[in-house]
Amino acid sequence: MSRGHYRDQLTDQPLAFDVESDTLLHGGFRDLRATTLSHDRLDGEGRIGPVRREYLATGPVAIVIPYDPHLDAIVVIRQFRFAAALQTAHAAALELPAGMVDPGEAVEAAAARELTEETGLEPRAIEACFRMLPTPGLTTEHATIFLAIVDAGALADVAGNSHEHEDIRPILAPVDDLVAAVDDGRVENGYLIACTHWFARKGRAAAQALLGTFDIRD
């Protein structure tokens, strides 16, 4: 194994590639597309391709960690997920408020919109924390994770857009209980797991900094 090679640095890196064709296979909620491309080898010795890759064209999405600092609790939601039903015995999965960014919409605006649609809450303050690619071998989905300060006293009993056939139950989860649920393997949603681990290390400090950006008496 090589030592000291720049490709061994612990950071995502660029790699040159060329797309020869990109074709729509099926148009739907997420388009299924096929591309033919070539790319440089990681060792710099020539090229690989042309190769064909199929992918779901999703684009930017917003994920929200709604945190009530007075209750030290995060709002999660439960709803039916067909993929969870196919792969597990738990079709009514736990997750975080999230959704796709509409064309022309700012990502932060999408985060605030999804928070209200799926919990009934308005963000008192909100900021981007980190970004992630959940499955880059399958989809172009690129998520921005937001921390939102909320007053969970206004939490809705049920939420979701009826015209989208959403049936959502918002749940107030004490942070330590949510961390335990993740550590015990009682939840499997990737975003929820990643965001809970992030919050356990950095969330309370980030929330305190965010609290300083507005008058808590508002």
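This text goes with the structure placed above it.
Residues numbered from 1 in each chain as written. Predicted model: local features only at pLDDT ≥ 70, side-chain atom pairs only at ≥ 80, totals over all residues. Heavy atoms only, no water.

Peer 1: Quick rundown of the sheet that holds strand β1 (residues 17–26)? Include the residues and the values.
Peer 2: Pairing in this open sheet of 3 strands is antiparallel, and the strands run β1-β2-β3 from one edge to the other. Bordering the open sheet on either side are β1 and β3 (47–57), each of which pairs with just one other strand. Within this sheet the neighbouring strands show an average axis-to-axis angle of 20°, counted without direction. In terms of strand pairing, β1 meets strand β2 (residues 31–40) through 8 bridges, oriented antiparallel. (Pairing = 2+ DSSP bridges. Helix = DSSP H or I, 4+ residues; strand = E, 2+ residues; numbered from the N terminus. Axes fitted to C-alpha atoms, helices over the stretch in contact; angles between N-to-C directions.)

Peer 1: Report on the pattern of salt bridges, specifying residues and quantitative values.
Peer 2: Applying the stated rule across the entire model yields 14 salt bridges. A salt bridge links Glu54 to Arg52; its shortest N-O distance comes to 2.9 Å. A salt bridge links Asp176 to Arg204; the shortest N-O distance between them is 3.3 Å. Taken together, the residues Asp176 in helix α3 (residues 175–183) and Arg204 in helix α4 (residues 190–211) connect sequence positions 28 residues apart. A network of salt bridges, in which partner residues are shared, links Asp102, Glu105, Arg113, Glu114 and Glu117. (Salt bridge = Lys/Arg side-chain N within 4 Å of Asp/Glu carboxyl O.)

Peer 1: Provide a residue-level description of a nonpolar patch on the surface, including the pertinent values.
Peer 2: A surface patch of nonpolar side chains, about 370 Å² in accessible area, is lined by Phe80, Phe82 and Leu86. Relative to the assigned elements, Leu86 resides in helix α1 (residues 82–87). (Patch = residues over 30% accessible without salt bridge, like charges linked within 9 Å, V, L, I, M, F, W, Y side chains within 5 Å. Areas by Shrake-Rupley, 256 points an atom, 1.4 Å probe, with all protein chains shown as cover.)

Peer 1: I'd love a proper account of the layout of surface pockets, names of residues and values included.
Peer 2: As a volume, the largest pocket reaches approximately 1600 Å³. In terms of lining, the largest pocket is formed by 48 residues, of which the most central are Arg30, Gln79, Arg81, Glu95 and Asn189. Of the residues contributing to the lining of the largest pocket, the split by class is 20 nonpolar, 13 polar and 15 charged. The space that makes up the second largest pocket amounts to roughly 770 Å³. Around the second largest pocket sit 20 residues that line it, and Phe17, Leu37, His39, Pro136 and Gly137 are the ones nearest its centre. Every element with two or more residues in the lining of the second largest pocket is listed here: β1, β2 and β3. The biggest single contributor to the lining of the second largest pocket is β3, with 4 residues. Of the residues belonging to the lining of the second largest pocket, the class tally is 10 nonpolar, 6 polar and 4 charged. (1 Å grid on protein atoms, 1.4 Å probe; cavity = no way out; pocket = protein on both sides within 12 Å on 5 of 7 lines; lining within 4 Å. Points joined across faces, edges and corners; volume = space filled by probe spheres on them. Nonpolar A, V, L, I, M, F, W, Y, C, P; charged D, E, K, R; others polar.)

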